[in-house]
Amino acid sequence: LSMHMHKYFAEAVGTFALSLAVLTALHSTLPVPAAILAALTVGIFVYAIGPISGCHINPAVTVAALSLRLIKARDAAGYVIAQALGATVAFFTASLAFGAMPDGAGAVNDFSVLVAEILGTFFLTFGIAAVIFNKVPHAASGLTIGGSLLLGVMIASGMGSLGILNPAVAFALGEFNALYLFGPLLGGVLGMWAYRILTASLDN
């Protein structure tokens, strides 16, 4: 039980940090865009909590890993709950520090947003899969995953979504709806499966 709780706590802390980083970037006049700050945060936490929980800090990553049986259902449920708790704490922390989200923070909710979130998360988990299946040197794992997040965010944002790619962060931002839930979940599964299929022959 203690081992499981360590993993869940790591996921809660990581998701809290990622959500708070994005919220801080959106509320403040930091010279670093939210996408860059999110990528840096993820890259750092890959090294910090990767050895503990794998550093999912995103329900879409957890569901994708579950679809490939890389994580047990019990742990997947614990991860998602922990990620939701981390995002909730980040939301209340930002609310106390900054108040309400700034006007204009949202995006148009239509089919293009769904497609953008699917494609963005596809590229995110495609890069994550390269690390999971040991196709990337360990020293470069944070750079690979942080870079994959930045690429995915840039693509999704350019197509008209907020480029969140993470249902937990969407909740922290007050943008939790079907588009920002199912888009990342579907894109995450597709991205990780695509990489697994492409590299299957290399493992034979």
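Residues numbered from 1 in each chain as written. Predicted model: local features only at pLDDT ≥ 70, side-chain atom pairs only at ≥ 80, totals over all residues. Heavy atoms only, no water.

**Focus on the overall build of the protein chain**
- Looking only at helices and strands, one finds eight helices and zero strands in the protein chain.
- For the protein chain, the sequential pattern of α-helices and β-strands runs α-α-α-α-α-α-α-α.
- In terms of overall dimensions, the protein chain is globule-like: its C-alpha atoms have a radius of gyration of 16 Å, near the 17 Å expected for 204 residues.
- Considered along the principal axes of its C-alpha atoms, the protein chain spans approximately 55 × 40 × 30 Å.
- Across the 204 residues in the protein chain, those meeting the buried criterion constitute 46%.
- On the protein chain, roughly 9,700 Å² of surface is accessible, and the fraction owed to carbon and sulfur atoms is 73%.
- For the protein chain, the distance from the average site of its 6 positive side-chain charges to the average site of its 7 negative ones is 22 Å. (Helix = DSSP H or I, 4+ residues; strand = E, 2+ residues; numbered from the N terminus. Rg over C-alpha atoms; globule rule 2.2 N^0.38 Å. Buried < 20%, exposed > 50% of the residue type's maximum accessible area, 1.4 Å probe, protein only. Areas by Shrake-Rupley, 256 points an atom, 1.4 Å probe, with all protein chains shown as cover. Lys, Arg positive; Asp, Glu negative; His and termini not counted. Charge placed at Lys NZ, Arg CZ, Asp CG, Glu CD.)

**A word on the confidence of the model for the protein chain**
- Taken residue by residue, the protein chain gives an average pLDDT of 93. The fraction at 70 or more is 94%.
- Per-element confidence in the protein chain ranges from a low mean pLDDT of 93 for helix α1 (residues 2–27) to a high of 98 for helix α3 (residues 59–67). (pLDDT = per-residue confidence, 0-100.)

**Some remarks on the packing of α1 against helix α2 (residues 34–53)**
- Relative to each other, α1 and α2 sit at 170°, their axes nearing to 9 Å. Classified by the angle between their axes, α1 and α2 sit roughly antiparallel to one another. Contact residues: His6, Lys7, Ala10, Glu11, Val13, Gly14, Ala17, Leu18, Ala21, Val22, Ala25 and Leu26 in α1; Ala34, Leu37, Ala38, Thr41, Val42, Phe45, Ile49, Ile52 and Ser53 in α2.
- For the contact of α1 with α2, the per-class residue count stands at 15 nonpolar, four polar and two charged. (Axes fitted to C-alpha atoms, helices over the stretch in contact; angles between N-to-C directions. Parallel < 35°, antiparallel > 145°, perpendicular 65-115°, else oblique. Contact = heavy atoms within 4.5 Å. Nonpolar A, V, L, I, M, F, W, Y, C, P; charged D, E, K, R; others polar.)

**Here we look at unusual backbone geometry**
- With a phi close to 40°, Ile57 is a non-glycine residue in the positive phi region.
- Note that Ile57 resides in the loop between α2 and α3.
- Relative accessible area serves as the criterion here: at 1%, Ile57 is assigned to the buried category.
- Even without being a glycine, Arg69 presents a positive backbone phi close to 60°.
- Take Arg69: it is sitting in the loop between α3 and α4 (73–98).

**Side note on the side chain of Asp75**
- Mapping Asp75 onto the fold places it in helix α4.
- Ignoring anything within four residues of it in the chain, the contact list for Asp75 reads His4, Lys7 and Tyr8.

**What about the side chain of Ser53?**
- With respect to the helices and strands, the residue Ser53 is situated in helix α2.
- Not counting chain neighbours up to four residues away, the residues in contact with Ser53 comprise Lys7, Ala10, Glu11 and Tyr79.

**Observations concerning the packing of helix α5 (residues 111–132) against helix α8 (residues 178–199)**
- α8 packs onto α5 with a crossing angle of 40° between their chain directions and a minimal axis gap of 6 Å. As judged from the angle between their axes, α5 and α8 are oblique. Our pair here, α5 against α8, has a crossing hand that is right-handed.
- When grouped by side-chain class, the residues that make up the contact of α5 with α8 number 19 nonpolar, six polar and one charged. (Left-handed = near helix turned anticlockwise from the far one by under 90°.)

**Considering the nonpolar core**
- Residues Leu18, Val42 and Leu149 are the most contacted members of the largest nonpolar core, which totals 43 residues.
- Contributing elements (two or more residues each) for this core: α1, α2, α3, α4, α5, α6 (141–158), α7 (167–172) and α8.
- Broken down by element, this core gets its largest block of residues, seven residues, from α5.
- Apart from the residues within four sequence positions on either side, Leu18 is in contact with Ala38, Thr41, Val42, Ile57, Asn166 and Val169.
- In terms of nonpolar packing, the next biggest core, distinct from the first, is built from seven residues, Tyr8, Ala65, Ile71 and Tyr79 among them. (Core = buried A, V, L, I, M, F, W, Y, C linked by side-chain atoms within 4.5 Å.)

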